[in-house]
Amino acid sequence: MTKRIFIYWFLTIAFLSLSSCTDDLDDKIKYVKNIVETSESGTEKTTTFFYNQAQLVRIESAETIKVFTYTADLITKIETTTLSNNSKTIVNYSYNNGKLQTVQSDGDYVINYTHNQDGTISYEKFDISLLPLPVKLHHGKLYFDNGNIIREERTLDNVGVGVLSRYYVNYEYDLKSNPLHHIQGYEKLLDHEGIISTNNYLISTVETSVEKDGQIISSASFYKNTFKYDKRNYPVEKNSLVSIPHKGISYNLKTTYHY
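Colleague: It is not clear to me how the packing of aromatic side chains should be interpreted in this structure. Could you clarify?
Modeller: What describes a pair of aromatic rings is the distance from one ring centre to the other and the angle between the planes of the rings. Within this structure, the stated rule accounts for six aromatic pairs. Centre to centre, the rings of tyrosine 113 and tyrosine 123 are 6.1 Å apart; their planes meet at 45°, and the pair counts as tilted. You can see tyrosine 113 sitting in strand 8 (residues 109-115) and its partner tyrosine 123 sitting in strand 9 (residues 121-127), a full ten residues away along the chain. The exposure class of tyrosine 113 is buried, given its relative accessible area of 6%.

Colleague: Explain the pattern of salt bridges here, please?
Modeller: For side chains bearing opposite charge, pairing can occur when the charged atoms are close. Counted under the stated rule, the structure contains nine salt bridges. The partner of lysine 30 in a salt bridge is aspartate 230, and the shortest N-O contact between them spans 2.6 Å. Of the two residues, lysine 30 sits in the loop between helix 1 (2-26) and strand 1 (34-39) while aspartate 230 sits in the loop between strand 14 (215-229) and strand 15 (235-244), which places them 200 residues apart along the sequence. Accessibility assignment for this pair places lysine 30 and aspartate 230 in one class, buried. For glutamate 237, the salt bridge identified is with lysine 228, shortest N-O distance 3.7 Å. With relative accessibility at 14%, the residue glutamate 237 sits in the buried group. One salt-bridge network, held together by shared partners, links Glu152, Arg154 and Glu193.

Colleague: Sorry, what's going on with the layout of surface pockets here?
Modeller: Leftover empty space is mapped by rolling, across the atoms, a probe with the size of a water molecule. Its volume calculated, the largest pocket comes out at about 1200 Å³. In terms of lining residues, the largest pocket is bounded by 45 residues, among which Glu37, Leu180, Ile195, Tyr201 and Lys238 are the most central. In terms of residue class, the lining of the largest pocket is made up of 23 nonpolar, 14 polar and eight charged. For the second largest pocket, the calculated volume is near 250 Å³. Together, 15 residues line the second largest pocket, and Ile121, Phe144, Glu187, Lys188 and Leu190 are the ones closest to its centre. In terms of residue class, the lining of the second largest pocket is made up of six nonpolar, six polar and three charged.

Colleague: Before we go on, may I ask you to explain unusual backbone geometry in this structure?
Modeller: When glycine is set aside, most residues are seen to have a negative phi, and most peptide bonds are trans. Phi at asparagine 146 is positive, roughly 55°, even though this residue is not glycine. Residue position: asparagine 146 is located in the loop between strand 10 (135-145) and strand 11 (148-156). The class of asparagine 146 is exposed, set by a relative accessible area of 65%.

Colleague: Can you walk me through the pairing of strand 5 (residues 74-82) in this structure?
Modeller: If a strand is regular, its side chains alternate between the two faces of the sheet. Direction of pairing for strand 4 (residues 64-71) relative to strand 5: antiparallel, over a ladder of eight bridges. The residue of strand 5 that forms the bridge with isoleucine 65 is threonine 81. With six bridges joining them, strand 5 and strand 6 (residues 87-96) adopt antiparallel strand pairing. Bridged to isoleucine 78 within strand 6 is valine 91.

Colleague: I would appreciate a short explanation of the side chain of aspartate 174 in the present structure.
Modeller: Along the chain, aspartate 174 falls in the loop between strand 12 (163-173) and strand 13 (201-212). For the buried residue aspartate 174, which engages in no salt bridge, the nearest side chain bearing the opposite charge is lysine 176, 7.1 Å off. A distance of 3.2 Å separates the side chain of aspartate 174 from the backbone nitrogen of lysine 176, its partner in a polar contact. Apart from the residues within four sequence positions on either side, aspartate 174 is in contact with Asn199, Asn200, Leu202, Phe227 and Tyr229.

Colleague: Even after reading the chapter, I still don't get the nonpolar core, so can you show me in this structure?
Modeller: Looking at soluble globular proteins, one finds that nonpolar side chains tend to be buried together. In this structure, Leu56, Ile75, Tyr93, Val103, Tyr113 and Tyr186 are the most contacted members of the largest nonpolar core, which totals 35 residues. Per element, the largest residue contribution to this core is four residues, and it comes from strand 12. Those residues in contact with tyrosine 186 that lie beyond four places of it in its chain are Leu56, Ile75, Leu180, His192, Ile195 and Ile196.

Colleague: What is the right way to read the environment of threonine 114 from this model?
Modeller: For threonine 114, the position within the fold is in strand 8. According to the relative accessible area criterion, threonine 114 is partly exposed, its value standing at 45%. In this structure the C-alpha to C-alpha distance between threonine 114 and threonine 102, which are twelve residues apart in sequence, comes to 9.3 Å. Once residues lying within four places of it in the same chain are set aside, the contact partners of threonine 114 are Thr120, Ile121 and Ser122.

Rules behind the numbers
By convention here, each chain's residues receive numbers from 1 onward along its written sequence. Only residues with pLDDT of at least 70 are given local features in this predicted model, and only at 80 or more are side-chain atom pairs given and counted; all residues enter the totals for whole chains, interfaces and linings. The side-chain numbers reported here are obtained from all heavy atoms of the structure, hydrogens and water having been left aside. Pairing of aromatic rings covers Phe, Tyr and Trp, the last counted by its six-membered ring, and requires centre-to-centre distances within 6.5 Å; plane angles under 30 degrees mean stacked, over 60 mean edge-to-face, and any other angle means tilted. Secondary structure is summarised from DSSP: a helix means a run of H or I of at least four residues, a strand means a run of E of at least two, and numbering begins at the N terminus for each. Each residue is placed in one exposure class: buried if its accessible area under a 1.4 Å probe, protein chains only, is under 20% of its type's maximum, exposed if it is over 50%, and partly exposed if it falls in between. Basic side-chain nitrogens of Lys or Arg form a salt bridge, by our definition, when they fall within 4 Å of a carboxyl oxygen of Asp or Glu. The way it works is a 1 Å grid over only the protein atoms, where trapped points that fit a 1.4 Å probe form a cavity and open points with protein on both sides within 12 Å along at least five of seven lines form a pocket, and then any residue with an atom within 4 Å of a point lines it. Grid points are joined across faces, edges and corners, and a volume is the space filled by probe spheres set on the points. When residues are sorted by character, Ala, Val, Leu, Ile, Met, Phe, Trp, Tyr, Cys and Pro go into the nonpolar class, Asp, Glu, Lys and Arg into the charged class, and all the rest, Gly among them, into the polar class. A pair of strands counts as paired when DSSP detects no fewer than two bridges linking them. Positive charges are assigned to Lys and Arg, negative charges to Asp and Glu, while His and the chain termini are left out of the count. Polar contacts here mean pairs of N or O atoms no more than 3.5 Å apart (in protein, one a potential hydrogen donor and the other a potential acceptor; neighbouring residues in sequence count only if both atoms are side-chain atoms). Whether two residues are in contact is decided by their heavy atoms: any pair within 4.5 Å suffices. Buried residues of nine kinds, namely Ala, Val, Leu, Ile, Met, Phe, Trp, Tyr and Cys, make up a nonpolar core once their side-chain atoms join them within 4.5 Å.

The structure is reproduced here in C-alpha cells:
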C-alpha cells in the first residue's frame with residue numbers, strides 16, 4: 001500500500017513538473033496587449049495592440065488607429081488614421097532579401113537605406129512633397145550591437161550655406177526582453193528607432209549642434225527609464241524621466257505593460 005502511494009505521488013509530481021515546463025515553453029514569447037501611460041497630473045493614455053498570431057494587425061489609442069499590412073512575414077504598409085479629423089497617412093516599406101530598403105510616405109517623404117558590410121546602416125531622407133524636385137533633408141548612420149540600435153548620427157542637409165547642423169542619439173540598454181521586438185517583422189522598421197531593439201533602453205541621450213562662422217551652439221536632451229519586470233524578464237512597469245534643459249522641460253511618465 002505504501003509503495004502504491006509513493007508511486008502515485010511520484011507520477012503526480014512528475015506530471016505537474018512536466019506540465020509546468022511545457023507552460024514555460026509555450027509562454028516564452030509574450031505579446032503586449034495594452035500599454036497605459038500615466039502623466040504626472042494623473043492623465044491616462046491607453047494603447048491597445050491586436051494580433052493575428054505573431055503578426056501585428058493594428059494599434060489603437062484615443063488619438064489614432066494604425067493598421068498593419070504584411071507581405072509574407074514582412075510589414076509592408078502602415079496606415080494611420082487620426083481620429084480628430086479622420087485624416088489618413090500611409091507609409092510603405094520595401095525590402096531586398098529581407099532587408100529594409102525604402103520607407104515612403106506618399107506625397108511627403110522617402111527614406112533610402114544602405115546596409116553596410118560593417119553592420120552599420122546608412123540612410124538618406126528626402127522631402128518629396130514638391131516633386132519632381134525632391135529635397136534632401138538629412139543623411140545619417142545607425143550603429144548596432146546585439147540586436148540593439150546603440151547610436152544614430154545625423155547631418156541636416158536643408159540648412160543655410162556655411163551651416164553645419166548635426167544630431168546624435170546614444171542608447172544604453174538592459175538585458176531584458178523588449179516585447180515589441182518579438183512582433184513579426186517589427187524589428188525591421190528602422191524608422192521606429194530604439195523601440196525596435198532586442199532589449200529595453202534605459203538611457204537615451206540626444207545631442208544637437210549647429211556650427212556657423214566658427215561658432216558652435218549645442219544642446220542635449222536626456223531620457224531615463226527605470227523598469228520593473230515579471231518572472232520572465234518582461235517589463236511590467238516603466239518610470240521615465242524626460243529632461244530637456246535648454247527648453248526648461250522636465251517631467252516624469254509612468255507606463256504599465258499588460259500581456
